[in-house]
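Below, each chain spelled out in residue letters.
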Amino acid sequence: SIVGNYVKSVDVATTAGKITVTYNSTNANAKIQGDLLAFSSYSSGSGSLAWSCKSNATGTNVPQKYLPTSCRG
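Everything quoted here is computed from the prediction, not taken from an experiment. (Residues numbered from 1 in each chain as written. Predicted model: local features only at pLDDT ≥ 70, side-chain atom pairs only at ≥ 80, totals over all residues. Heavy atoms only, no water.)

(A) Local environment of the overall build of the protein chain. Along its length, the protein chain carries one helix and four strands. Starting at the N terminus and ending at the C terminus, the protein chain contains elements arranged as β-β-β-β-α. When the 73 residues of the protein chain are sorted by exposure, 27% land in the buried category. A separation of at least 24 residues holds for 19% of the contacts in the protein chain among residues at least 6 apart in sequence. Accessible area of the protein chain: about 4800 Å², with a carbon and sulfur share of 51%. (Helix = DSSP H or I, 4+ residues; strand = E, 2+ residues; numbered from the N terminus. Buried < 20%, exposed > 50% of the residue type's maximum accessible area, 1.4 Å probe, protein only. Contact = heavy atoms within 4.5 Å. Areas by Shrake-Rupley, 256 points an atom, 1.4 Å probe, with all protein chains shown as cover.)

(B) Broad picture of the environment of Ile19. As for its position among the elements, Ile19 is in strand β2 (residues 18-23). Between the C-alpha atom of Ile19 and that of Leu37, which follows or precedes it by 18 residues, the distance is 8.3 Å. Beyond its immediate chain neighbours, meaning those up to four positions away, Ile19 contacts Val10, Asp11, Val12, Leu37, Ala38, Phe39 and Trp51.

(C) Representation of the environment of Ala38. By secondary structure assignment, the location of Ala38 is in strand β3 (residues 36-43). When the C-alpha positions of Ala38 and Gly59 are compared, they lie 6.3 Å apart, and in sequence the two are 21 residues distant.

(D) Expanded view of the pairing of strand β4 (residues 49-52). On β4, burial follows the alternation: Ala50 and Ser52 on one face are buried, whereas Leu49 and Trp51 on the facing-out side are not. Examined bridge by bridge, β3 and β4 share four bridges and lie antiparallel to one another. If you follow Ser40 over to β4, its bridge partner there is Ser52. The antiparallel hairpin formed by β3 and β4 contains five residues in its connecting segment, where Gly45 sits at a positive phi of about 90°. (Pairing = 2+ DSSP bridges.)

(E) How the structure looks around unusual backbone geometry. The backbone of Asn27 shows a phi angle near 70°, a positive value even though the residue is not glycine. Note that Asn27 resides in the loop between β2 and β3. Notably, Ser46 is not glycine yet its phi reads approximately 55°, a positive angle. Mapped onto the fold, Ser46 is located in the loop between β3 and β4. Ser46 sits in the exposed class, given a relative accessible area of 85%.

Take a look at the structure:
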């Protein structure tokens, strides 16, 4: 189990090809407490794998301005 000051849990087992981070309801920024940040894998061609964390594609419910830069848009 992966936990920390800002992360309550990291789930890599429930859905194949998906990693879900749940933020703590304490310590994390008040604007994202209890929110989910999900990364979904997809084929990027030539047998390689890429990850998407954009909220409309993965189930992420972190407000866009608090997402990592690569997840915005």
